[in-house]
Amino acid sequence: MALQVHTDWNALAKKAIGGQLLSMEEGLSVLEAVDEEVLAILHAAYRVRRHYYGNKVKLNLIINAKSGLCPEDCGYCSQSIVSAAPIDKYPLLDKATLIDGARRAMELKVGTYCIVASGRGPTNRELNQVIEAVRKIKQAMPMKICACLGILSDEQAMRLQEAGVDRYNHNLNTSRANFPRITTTHTYDDRVETVRQAKASGMSPCSGCIIGMGETSREVVEMAFALRELDADSIPVNFLNPIAGTPLESYRDLNPRYCLKVLALMRLINPSKEIRIAGGREVNLGALQALGLYAANSVFVGDYLTTAGQEATEDHRMIEDLGFEVELCAL
């Protein structure tokens, strides 16, 4: 229910810039505010974003390096063992294809290239293949590389870091309380531990969430707090794109105004971090996509794992129309 209150949103921005943590009640006031407050909330979030990042936008591009064939039962995912979605399924792409993906990322002015593979975790053969590609990419191209390969051992994390992987992504996805409703083949704590392990190896931790999976507004605030506690450097905010054939195919509870409030909340609770508009933005933000960049300072361009994204030329035009500037090198 929308709150009929008059919160001083600029006071929340000042608090965030000053390093003070918002309270649960303040976080809820953002999410549950009436829609007429959206622009004022975004203005407050933009004050924080501008303080730390100016008007620069970081671009990220995903390559779906291994598709389907996953034994996990994540209810949102078209690649999971419980999904009946008709997707392409293939083993890990060869080294040359991974390197070609990095070249395409450079052409699109992308600063972070994300190598994503389905599965619980990589085999040693798969890890070696990624490592060989990463070494070649880092020798030739000035870009940040993020890997998302599932659960790692300590040794695997160290090997990725030594090969030149700058960042490791492992999303919390949802709140601790909601997690067992979404996934049962691994736990919330497994994900937390993987993020901590990546950080301990020297890689920058990247972890975010998927909004729209039946969580409450309170749980969204709890997710923002949890990501702050993990000290995730980059926070991708996904909005569920319900895919036919997955257990969550009927979940369609989001609207663009609420999505903008979520992005503002993430900025206010994690003021200095990279907040990235991620999967599902085209479907859930619609004509309001550009407004999301007043809170977020990062965005995926191109396609996602098994769903299509907006044309990269449209993303570049959107950023230009805002008067913002692409950050050409994320290193």
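Structure first, text after, so check above.
Note that this is a predicted model, so its numbers are computed, not measured.

1. Remarks on the pattern of salt bridges
Note that side chains of opposite charge can pair when their charged atoms are close.
Then step 1. Tallied over the entire structure, the rule returns 17 salt bridges.
Then step 2. With its nearest N and O atoms 2.9 Å apart, the salt bridge here joins Arg 176 to Asp 189. Taken together, the positions of Arg 176 in the loop between strand 4 (167-169) and helix 7 (179-182) and Asp 189 in helix 8 (residues 188-201) put the pair 13 residues apart, joining distant regions of the chain.
Then step 3. On the basis of relative accessibility, which here comes to 43%, the residue Asp 189 falls in the partly exposed class.
Then step 4. Within this structure, Lys 199, Asp 231, Asp 233 and Lys 273 form a network of salt bridges that share partners.

2. A short note on the environment of Asp 154
Then step 1. Its location among the elements puts Asp 154 in helix 6 (residues 154-163).
Then step 2. For Asp 154 and Ser 201, which are 47 residues apart along the polypeptide, the C-alpha to C-alpha distance reads 7.6 Å.

3. Observations regarding unusual backbone geometry
Then step 1. Phi at Lys 109 takes a positive value of approximately 65°, unusual for a residue other than glycine.
Then step 2. Structurally, Lys 109 can be placed in the loop between helix 4 (95-107) and strand 2 (112-117).
Then step 3. The class for Lys 109 is partly exposed, based on a relative accessible area of 44%.
Then step 4. Unlike most non-glycine residues, Asp 231 shows phi in positive territory, near 60°.
Then step 5. When you line up the elements, Asp 231 lands in the loop between helix 9 (217-230) and strand 7 (234-239).

4. Remarks on the pairing of strand 8 (residues 274-277)
Then step 1. Across the two faces of strand 8 the burial is the same, with Glu 274 and Arg 276 and Ile 275 and Ile 277 all buried.
Then step 2. Where strand 7 and strand 8 come together, four bridges link them in parallel fashion. In the sheet register, Val 237 faces strand 8, and the bridge partner there is Ile 277.
Then step 3. Read as a crossover between parallel neighbours, the route from strand 7 over helix 10 (residues 256-269) to strand 8 is right-handed.
Then step 4. Here strand 8 pairs with strand 9 (residues 298-301) via two bridges, running parallel. Looking across to strand 9, one finds that Ile 277 is bridged to Val 299.

Definitions and limits used
Residues numbered from 1 in each chain as written. Predicted model: local features only at pLDDT ≥ 70, side-chain atom pairs only at ≥ 80, totals over all residues. Heavy atoms only, no water. Salt bridge = Lys/Arg side-chain N within 4 Å of Asp/Glu carboxyl O. Helix = DSSP H or I, 4+ residues; strand = E, 2+ residues; numbered from the N terminus. Buried < 20%, exposed > 50% of the residue type's maximum accessible area, 1.4 Å probe, protein only. Pairing = 2+ DSSP bridges. Right-handed = clockwise from strand over helix to strand, strands pointing away.

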